[in-house]
Number of protein chains: 2
Amino acid sequence: MTDPKRADARRNRDQLLAVARESFAEHGTATSLREVARRAGVGIGTLYRHFPTREALLETLLSDRFDTLRQDAVDLAGEQDQRTALLHWISRVAAGAGTYRGLPESVRTALRDHDSRLHDSCDAMRRAGGDLLRAAQRAGTVRADATIEDLLAAATGIAWASENSADPAALTARLLDYLMHGLAIGDR
Amino acid sequence: MTDPKRADARRNRDQLLAVARESFAEHGTATSLREVARRAGVGIGTLYRHFPTREALLETLLSDRFDTLRQDAVDLAGEQDQRTALLHWISRVAAGAGTYRGLPESVRTALRDHDSRLHDSCDAMRRAGGDLLRAAQRAGTVRADATIEDLLAAATGIAWASENSADPAALTARLLDYLMHGLAIGDR
DNA sequence: ACCTGAACACCGTTCAAGT
DNA sequence: ACCTGAACACCGTTCAAGT
C-alpha cells in the first residue's frame, strides 16, 4: 500500500495525495472522497485500493507530523526554562491539530485509539512530550499532578475551539495562555 | 411552527421531539433524521414541515438550557466567593454542552452565529455569565484580561475534548481545574 | 498488479399530490 | 392545515469485469 510497484500506480497514489491535501485544506477532513478521486482523475475504486479508509488517507498525509512533534520535544528538552519549553511544544501541538477543519477530531481519535496506524508515532510523541512535562515538574515550575494525556487533550480541545473563529490563531494563543497559567507554579 | 393548531399536528410534533431526544442521546447530533421520522411514525416531509433544519430540531430541544444557565448565573451572583461561583457556572456550561455527542459543535455554532434562533437566549446567558465574571474580576480573584467569550469557548472546548473519553466527567473536571487555576489571581 | 465504474444501501431535502 | 412519500442529487463502500 505504501509503495506500489507499477509506475502508473505510484503516479495515481501521488496524485491522490496531492488532491486530498488540497481538498482537506479547502473543505476540511469531511471532504467528499468521490470528489477527490474525480479531481485526481482516477476511479473511485482506485482511491479505495490505495487508501481503504478516510483515516488511512489522512494518516498518510499526517504521518510525519507526529514525528516532527516528537523531535520538537526532544530539541526543546535542552532549553533553560522548562516551562517555556513545554509551552512552546504544546503550542505546536495545538497549531498542528488546527491545520484542517475537522483535524482536531482525527487527532483526538488517534490519541485514544490503540489500533490506529498512527499509534506508534503518536505514542513516541506522547513519550517525548511526557519527558518535557516531567522535566518542568521536577524543576518545580509546573503542577505535579498534570499528565501528558490531559495536556494533549487540552491542546486538541483548544485547536477545536478555535476552528472557524474570527481569529483562530489569536483565540488559540489566549486559551493556551490560560492553560499554561493553570499549569504554572510560582511566579506568574 | 411552535404551536400547531390541529391536534394531529401537535401530536406529530411532540412525538418527533420525543424520538429526536432519544436518537440524539443514542447516536449523537448527527443521527439520521429519516430514522427519527420513521421511529416517530410520520413521513419525512412531516419532520421537515415542523423542523426545517436539524439545527431547528436541536434548538427546540435545547431552548430552555440557555435560559436555565442564565438563571444559574443570576442565582450564583449572590454567592460569597465570586471565583467559586464562576467555576460552578462554567462547570454547568461544560456539562450542558456535553449532553450529546456532537452537541459541543452546535453550541460553538450557536455562540457565534448571530442569526441562530438561539441567539437571543444565548446572548442573555452570555450577559449573565459576563456579570459573574466581572464580579470576580472586581473582587480581584480572577484575571482582569479574561473575557466571557473566551470562557465560553474554553468550556465548550473542554466538553468536546471529553467526548468519547474513558471517563468524560473526570476529564472535564480536570480540564476545568486547569482553566480555573489559569484564571485565578492570588491564593491557589 | 492494478484500474474502472456500476451497484447497493444509505443520506438530506423538496415538492406535487393528496386528505 | 397538514401529511405523505416519490424524486433528486448526492454520499461511502464493494466488487465483478476488465487490461
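Rules and cut-offs
Residues numbered from 1 in each chain as written. Chains lettered and ligands numbered in written order. Predicted model: local features only at pLDDT ≥ 70, side-chain atom pairs only at ≥ 80, totals over all residues. Heavy atoms only, no water. Helix = DSSP H or I, 4+ residues; strand = E, 2+ residues; numbered from the N terminus. Buried < 20%, exposed > 50% of the residue type's maximum accessible area, 1.4 Å probe, protein only. Contact = heavy atoms within 4.5 Å. Axes fitted to C-alpha atoms, helices over the stretch in contact; angles between N-to-C directions. Parallel < 35°, antiparallel > 145°, perpendicular 65-115°, else oblique. Salt bridge = Lys/Arg side-chain N within 4 Å of Asp/Glu carboxyl O. Least-squares fit on C-alpha atoms with pLDDT ≥ 70 in both. Near = heavy atom within 4 Å. Polar contact = N/O pair within 3.5 Å; in protein donor to acceptor, adjacent residues only side chain to side chain. Nonpolar A, V, L, I, M, F, W, Y, C, P; charged D, E, K, R; others polar. Core = buried A, V, L, I, M, F, W, Y, C linked by side-chain atoms within 4.5 Å. Left-handed = near helix turned anticlockwise from the far one by under 90°. UniProt positions renumbered as here; feature names shortened; annotations may be inferred.

Looking at an unreviewed UniProt entry, one finds chain A named TetR family transcriptional regulator and attributed to Actinocatenispora comari.

Trainee: How should I be thinking about the overall build of chain A in this particular structure?
Mentor: Within chain A, the secondary structure is distributed over nine helices and zero strands. Seen in sequence order, chain A has helices and strands lined up from the N terminus as α-α-α-α-α-α-α-α-α. Dimensions along the principal axes, computed over C-alpha positions, put chain A at roughly 60 × 35 × 25 Å. When the 188 residues of chain A are sorted by exposure, 49% land in the buried category. Taking all contacts inside chain A whose residues are at least 6 apart in sequence as the whole, residues at least 24 apart take part in 63%.

Trainee: It is not clear to me how the packing of helix 7 (residues 119-138) of chain A against helix 8 (residues 148-162) of chain A should be interpreted in this structure. Could you clarify?
Mentor: A pair of packed helices is characterised by two quantities: the angle between their axes and the separation of those axes. Residue and element names in this part refer to chain A. Running from N to C, helix 7 and helix 8 point in directions that differ by 110 degrees, and their axes come no closer than 9 Å. Overall, the two elements helix 7 and helix 8 adopt an arrangement that is roughly perpendicular. Contact with helix 7, carried on its side by M125, R126, G129, G130 and L133, involves I148, E149, L151 and L152 of helix 8 and no other residues of that element.

Trainee: Sorry, what's going on with the interface of chain B and chain A here?
Mentor: The figure often quoted for interface size is the accessible area lost as the parts come together. Each partner contributes residues to the interface: chain B has 29 residues there, and chain A has 29 residues. In this structure, the connection of chain B to chain A is made through six salt bridges. Across the salt bridge formed by D177 of chain A and R143 of chain B, the nearest N and O atoms sit 2.6 Å from each other. Elements supplying a minimum of two residues to the side of chain B that touches chain A: helix 6 (103-112), helix 8 (148-162) and helix 9 (168-183) of chain B.

Trainee: What exactly am I supposed to notice about the relation of the copies chain B and chain A here?
Mentor: The operation linking the two copies of the chain is a rotation about an axis combined with a translation along the axis. Expressed as a screw transformation, the operator carrying chain B onto chain A has a rotation angle of 180 degrees and an axial translation of 0.0 Å, and the superposed copies differ by an RMSD of 0.0 Å. Considering both components of the superposition, the chain copies are consistent with a two-fold axis. Using C-alpha coordinates, one finds that chain B approaches the rotation axis most closely at G182 of chain B, a distance of 1.7 Å. Taken together, the interface assignments show that 100% of the residues at the interface of chain B recur at the interface of chain A, consistent with an identical surface on both copies.

Trainee: Even after reading the chapter, I still don't get the protein's contact with DNA strand C, so can you show me in this structure?
Mentor: Around DNA strand C there are 23 residues in total, and R6, N12 and G43 of chain A together with R34 and Y48 of chain B lie nearest to it. One of the backbone nitrogen or oxygen atoms of K5 of chain A is found 2.9 Å away from a phosphate oxygen of DNA strand C. In the environment of DNA strand C, a base oxygen lies 3.4 Å from a nitrogen or oxygen atom belonging to the backbone of G45 of chain A. With five residues, helix 3 (residues 44-50) of chain A is the single largest residue contributor to the surface near DNA strand C. Tallied by class, residues from the surface near DNA strand C come to seven nonpolar, eight polar and eight charged.

Trainee: Is there a simple way to think about the nonpolar core in this case?
Mentor: A general tendency of soluble globular proteins is for nonpolar side chains to be buried together. Ranked by size, the top nonpolar core spans 118 residues in total, and within it W89 of chain A together with W89 of chain B carry the most contacts. Not counting residues up to four positions away in its chain, the partners in contact with W89 of chain A are L69, D72, A73, L76, M125, G129, L132, I148 and L152 of chain A.

Trainee: Can you walk me through the side chain of R126 of chain B in this structure?
Mentor: Residues and elements named next belong to chain B. Among the secondary structure elements, R126 is positioned in helix 7 (residues 119-138). According to the relative accessible area criterion, R126 is buried, its value standing at 13%. Setting aside anything within four residues of it in sequence, one finds R126 in contact with L111, H119, I148, E149 and L152.

Trainee: Can you walk me through the protein's contact with DNA strand D in this structure?
Mentor: Taken together, 23 residues lie around DNA strand D, and R34 and Y48 of chain A together with R6, N12 and T46 of chain B are the ones closest in. What you see for DNA strand D is that sugar and phosphate hold 58% of its atoms within 4 Å of the protein. In this structure, S32 of chain A approaches DNA strand D through a side-chain N or O atom, which is 3.4 Å from a sugar or linking oxygen. In this structure, a base nitrogen belonging to DNA strand D sits 2.6 Å away from a side-chain N or O atom of R6 of chain B. Listing elements by their share of the surface near DNA strand D, those giving two or more residues are helix 2 (33-40) and helix 3 of chain A together with helix 1 (7-27) and helix 3 (44-50) of chain B. Split into classes, the residues belonging to the surface near DNA strand D amount to seven nonpolar, eight polar and eight charged.

Trainee: Would you mind going over the pattern of salt bridges with me for this structure?
Mentor: A side chain of one charge can pair with a side chain of the opposite charge when the charged atoms of the two come close. All chains considered together, the criterion is met by 26 salt bridges over all chains. D150 of chain A is paired through a salt bridge with R174 of chain B; the nearest N and O atoms lie 2.7 Å apart. You can see D150 of chain A sitting in helix 8 and its partner R174 of chain B sitting in helix 9, one on each of two chains. Judged by relative accessible area, which is 2%, D150 of chain A ranks as buried. Residues R143 of chain B and D145 of chain B are paired through a salt bridge, measuring 2.8 Å at the closest nitrogen-oxygen approach. According to the relative accessible area criterion, R143 of chain B is buried, its value standing at 10%.

Trainee: Even after reading the chapter, I still don't get the packing of helix 8 of chain B against helix 9 of chain B, so can you show me in this structure?
Mentor: Residue and element names in this part refer to chain B. Packing of helix 8 against helix 9 brings their axes to within 8 Å, and their N-to-C directions diverge by 150 degrees. In terms of orientation, helix 8 lies roughly antiparallel with respect to helix 9. The chirality of how helix 8 crosses helix 9 is right-handed. Counting all contacts with helix 8, which are made through L151, A154, I158, A161 and S162, the residues of helix 9 involved are P168, L171, T172, L175, L176, L179 and L183. In terms of residue class, the contact of helix 8 with helix 9 is made up of ten nonpolar, two polar and no charged.

Trainee: Explain the UniProt feature "domain: HTH tetR-type" (unreviewed entry) in chain A to me, please; I cannot follow it from the model alone.
Mentor: Per the UniProt record, "domain: HTH tetR-type" (unreviewed entry) is annotated on residues 10-69 of chain A. For the annotated span residues 10-69 of chain A, helix accounts for 82% and strand for 0% of the residues, and the straight-line distance between the end C-alpha atoms is 28 Å.

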